[in-house]
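Chain and residue survey
Residue strings, one per chain:
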Amino acid sequence: MKNTLLLILVLLSLNVCSQDFISSKVSFKDTILDENRKSPFDYVDPFIGTGGDGHTYPGAVIPFGMVQLSPDTDMKSYHESYNWCAGYQYGDSSIIGFSHTHFSGTGHSDLGDILIMPTAGKLRTKSGTKNNPDLGYRSRFSHKNETASPGYYSVKLDDYNIQAELTATNRVGFHKYTFPKTDSAHIILDLLHSIYNYDGKVIWSSIRVENDTLVTGYRQTRGWARNRSVYFAIVFSKAFDSYGFDKDDESMYGYRKTDNYIYEKPEVNGKKLIAFFNFKTKEEEIIEVKVGISAVSAEGALNNLKTEIPTWNFNKVKLVAENQWQKELSKIIIEGTDRDKAIFYTSVYHTMLAPVNYMDVDGKYRGLDQNIHTANDFTNYTIYSLWDTYRATHPLFTIIQPEKVSDMVKSMLAHYDQSVHHILPVWSFHNNETWCMIGYHAVPVIADAYLKGIRNYDVEKAYEAMISSATYENYDGLDYYMELGFVPIDKENEGASKTLEYAYDDFTIYKVAKEMGKDDDFKKFENRARNYKNIFDKETNFMRAKKIDGSWNEPFDPLYSKYGGDYTEGNAWQYTWYVPQDVQGLINLMGGREKFVEKLDSLFIVEAHDEKYHEVEDISGLIGQYAHGNEPSQHIAYLYNYAAMPWKTQQRIHQIMNNLFDDTPYGICGNEDCGQMSAWYIFSSMGFYPVCPGSNEYVIGSPCIEKATINLDNGNKFEMTADRLSEKNIYIQSVKLNGKNYDKSYITHDDIINGGKLIFRMGRKPNKKWGIKNADLPYSMTKAGAQ
């Protein structure tokens, strides 16, 4: 009791009861007073996924925050950057510094803006190398002296004996550096540093020293995003004694304050620009740094900084960030082992690192057209890795983030308005379209939201944007697709994958058109949704690339894959199953359930042949040819349900969960991909998954945790319980939904949103009578039993 009272007094002394803290629905009782209970927050480990191919970062960020303040351990050129897409690799032993923007889990790199690094001793303005950190300002570090939790990161910089701590608000990074006693303390500001680095990436940059505690500026870059600007305002808690610049690899010159605080050379511009600020420090003296960013202007960055962190109270900002995470992480409460909870809650955490807020506190943002706009009635979001996230991340948001879903749709519609092509985003970030990956997958995101009743946006404009995106002839072979019913490989690469994914996207338009009474459109897109049949080869039983004359592309090897080949980051074994809108139709093409299941079984046991796809880094997390580390495979284990053999799905789900996820830095078997891999884990842990967004169904797999309670925004709760679940009891014996026996092998979105109780009774042996009737199978355009 004494400890509890002391903690409350400390919190009150920090004035943590700001408006942000008071407005939280999470009470002191939930977050603080129960000393014997760990909260969801306590189980999150931001280091999970920072090693290997996970490509996550460990730094400080709030949910969907514009600032992602995190350490960078290397910067590579485009061809070498894959392992450092998030700037950090767990296996590295030195840190360059702390930059303010990062992708989470992607397979492509950019960002790493506005790098700050504290140093002591000899001044160095180049970063040095991993092999020889002493050549520059980077510092060695040890994981023993590194910690991270949601909203906070800390590390000891061994070469300087400096303790670095980081936290963040939405638009501001807050640094806290504890220095040793020295007359040569420095804080480096590196505007040349980038993730996805190459000579010439920085088009122009500027630093202006406003006074002895305030610095403003910007940099404009040309990387994966072809034209991107980041403005900043930096405030130091202590006045610097002197400062200087290293410009364009030429001379390094410093300037000191005069007696009347007038500065020489207060502003410098260039393509290669680094600044340094010098201090004298006492033993364990703390210097704090606040960095506000904006895509609009330096004035906007400073306004963001003054609004979000008006005072110098690092602990208060950290506590507010933690409280925001506690609220979001508590939207799903689970019971299970500590390992289960660590992976699960870290997965929930990862789903909330993208999309990110992309607007100033006054609502201004830079649009796709490079003009300044104002978001009057919505929060503008960016970082849309849609080829990945339409599958499970966005469907998860319809359950636990419905208000943000409408704002995300409005953001996409703003992109549509600003696009010279008048189409929705493909893979966009920071007011740039990258045209990366395939499909028009903003369409199913909007369709899924609309069909689930999330419609707080202009639905007619949304429909117009969907149609416009699906009929833009200049995009990735769509002209041929609309004329021929497939994308010919001799006219457009990755034609097989594009045909399959366009057909799925068209299905979601068909569903919306039908709901809205657009009769002509719904018939047209219903037909387009069946175009997958045009590339199925009955001789080989695979989806294959066709030429414009209708002949198959030869030679054909179902194991082979390369970038720009017949398939997108996969091979025929992995892509043949991509017909989520009409699995029964695919079953019929393959000759019925037995042949379908026989081939599906083979997918998981066909021997891996790395030499067949060694060029494609994304094919990872293999079980046979099933590649869980990349998105085209992630729905496949659920397809047994459609063939009335759900027990096979149940076995495969546990195999994947047990073998391809763990709670270590290397615990994600492929790119985390802006929340998609994590959303798969969240859904699958609870026992169901959105195989076909737009159907409003979640296909039942097999629960991997004892209990989950989804706390819905409408005040309802949806509870899943897995009775008698154990390492061996992985098979569903029976199911009850709201107290009634339930034999369908799927549940609906309304079942969840209306609240209720889903109870699985688990056992060691399969129940081959559950979920097998035609009426109990998940949705397909083709009805079960029909040919």
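Residues numbered from 1 in each chain as written. Predicted model: local features only at pLDDT ≥ 70, side-chain atom pairs only at ≥ 80, totals over all residues. Heavy atoms only, no water.

So, the overall build of the protein
Cut-off, in case you're wondering: Secondary structure elements are defined from DSSP: runs of H or I of at least 4 residues count as helices, runs of E of at least 2 residues count as strands, and each element is numbered from the N terminus. To get the radius of gyration, use the C-alpha atoms; to get the globule rule, take the number of residues to the power 0.38 and multiply by 2.2 Å. Partly exposed residues are those whose accessible area sits between 20% and 50% of the maximum for their type, while under 20% is buried and over 50% is exposed, using a 1.4 Å probe and protein chains only. We call two residues in contact whenever any of their non-hydrogen atoms come within 4.5 Å of each other. Residue exposure ignores everything except the shown protein chains as possible cover, and the areas themselves are Shrake-Rupley values with a 1.4 Å probe.
In terms of helices and strands, the protein carries 21 helices and 38 strands. Scaling as 2.2 N^0.38, a compact globule of 787 residues should have a C-alpha radius of gyration of about 28 Å, and the protein matches this with 27 Å. Overall, the protein is about 90 × 65 × 50 Å in size when its C-alpha atoms are taken along their principal axes. Taken over 787 residues, the protein has a buried fraction of 65%. Contacts spanning at least 24 positions in sequence make up 70% of the contacts within the protein whose residues lie at least 6 apart. Accessible area for the protein stands at about 28,300 Å²; split by element, carbon and sulfur atoms hold 46% of it.

Some points on the pairing of strand β19 (residues 332–335)
Two faces belong to every sheet, and in a regular strand the side chains alternate between them. Short version of the rule: Following DSSP output, two strands are said to pair if at least two bridges run between them.
Side chains of β19 alternate between two faces, with I332 and I334 buried and I333 and E335 left unburied. Two strands pair when backbone bridges link them, and β19 and strand β33 (residues 707–711) are joined in this way by 4 bridges, in the antiparallel orientation. Within β33, the residue paired with I334 across the bridge is A708.

Observations concerning the sheet that holds strand β12 (residues 214–221)
Definition in use: In this analysis, axes come from line fits to C-alpha atoms, helices being fitted only over the stretch in contact, and the angle between any two N-to-C directions falls in the range 0 to 180 degrees.
Strand order across the open sheet formed by 9 strands is β6-β7-β8-β9-β18-β13-β12-β11-β16, with antiparallel pairing between neighbours. On the outer flanks of this sheet lie β6 (146–149) and β16 (267–270), each paired with one strand and no other. Within this sheet the neighbouring strands show an average axis-to-axis angle of 15°, counted without direction. Pairing of β6 with strand β7 (residues 152–157), which is carried by 4 bridges, proceeds in the antiparallel orientation. Within β7, the position partnered with E146 by the bridge is V155.

Some thoughts on the confidence of the model for the protein
Any region with low pLDDT has predicted coordinates that should not be read closely. Under the convention used in this document: The predictor reports its confidence for every residue as pLDDT, a score running from 0 up to 100.
Looking at the protein, pLDDT values average 93 and 93% of them are 70 or higher. Element-level pLDDT for the protein is lowest in helix α2 (residues 19–22), with a mean of 33, against a maximum mean of 99 in strand β32 (residues 697–700). This stretch, residues 1–34, has a pLDDT under 50; its non-local contacts, to residues over four places away or in other chains, come to 39 contacts.

Quick look at helix α19 (residues 646–660)
In an α-helix, one turn spans 3.6 residues, which is why side chains three or four residues apart end up on the same side. Inclusion rule: Expected span of a helix: the number of residues minus one, times 1.5 Å.
When the terminal C-alpha atoms of α19 are compared, their 21 Å separation across 15 residues agrees well with the 21 Å that a helix rising 1.5 Å per residue should span. Listed as buried for α19 are P646, W647, T649, Q650, R652, I653, H654, I656, M657 and L660.

Some thoughts on the nonpolar core
Most often, soluble globular proteins keep nonpolar side chains buried together rather than apart. Filter applied, for reference: The criterion is simple. A nonpolar core is a set of buried Ala, Val, Leu, Ile, Met, Phe, Trp, Tyr and Cys residues joined through side-chain atoms within 4.5 Å.
Counting residues in each nonpolar core, the largest one holds 171 residues, and the members touching the most others are F344, L424, F596 and M686. In terms of residue count, helix α14 (residues 495–516) provides more of this core than any other element does, 11 residues in total. Contact partners of F344, with chain neighbours within four places excluded, come to I332, I334, Y681, I682, S685, M686 and I705. Of all hydrophobic cores here, the second largest spans 55 residues; its members include Y88, A185, V230 and I234.

Section: the side chain of D388
Applicable threshold: For this analysis, a polar contact is any N or O atom pair within 3.5 Å, provided that within protein one partner can donate a hydrogen and the other can accept it, and provided that sequence-adjacent residues contribute only side-chain to side-chain pairs.
The residue D388 is located in helix α8 (residues 386–389) in this model. For D388, the side chain forms a polar contact with the side chain of S385, separated by 2.4 Å. Dropping the residues within four chain positions of it, D388 is found in contact with W427, E631, D673 and Q676.

Details of helix α5 (residues 298–308)
G300, A301, L302, N304, L305 and E308 are the residues of α5 that are buried. If you follow the buried residues of α5, they end up packed against β9 (172–179), β12, β13 (228–236) and β18 (285–294).

Side note on the sheet that holds strand β24 (residues 384–385)
The strand order across the open sheet formed by 3 strands is β24-β25-β26, and the pairing between neighbours is antiparallel. Every interior strand has two partners, whereas the edge strands, β24 and β26 (432–433), have only one. Relative to β26, strand β25 (residues 427–429) runs antiparallel, the two being bridged by 2 bridges. Within β26, the position partnered with S428 by the bridge is E433.

Some points on the packing of aromatic side chains
Rules: For this analysis, a ring pair means two rings from Phe, Tyr or Trp (six-membered ring only for Trp) whose centres lie within 6.5 Å, classed as stacked if their planes differ by under 30 degrees, edge-to-face if by over 60, and tilted for the remaining angles. We call a charge positioned over a ring when the NZ of a Lys or the CZ of an Arg lies within 6 Å of the ring centre and within 35 degrees of the ring normal.
With the rule as written, the count across this model stands at 51 aromatic pairs. When the ring of F507 is compared with that of Y779, the centres are 5.8 Å apart and the planes differ by 40°; the resulting orientation is tilted. Taken together, the residues span a long stretch of sequence, with F507 in helix α14 and Y779 in the segment after β38 (756–763) at a distance of 272 residues. Y779 matches F507 in its accessibility class, with the two residues each being buried. Measuring from ring centre to ring centre gives 6.3 Å for Y567 and Y575, while their planes differ by 25°; the resulting arrangement is stacked. As far as burial versus exposure is concerned, Y567 and Y575 are alike and both buried. Lying over the aromatic face of Y43, K38 brings its terminal NZ or CZ to 4.3 Å of the ring centre. Taking the ring centre of W552 as reference, the NZ or CZ of K546 above it sits at 5.1 Å.

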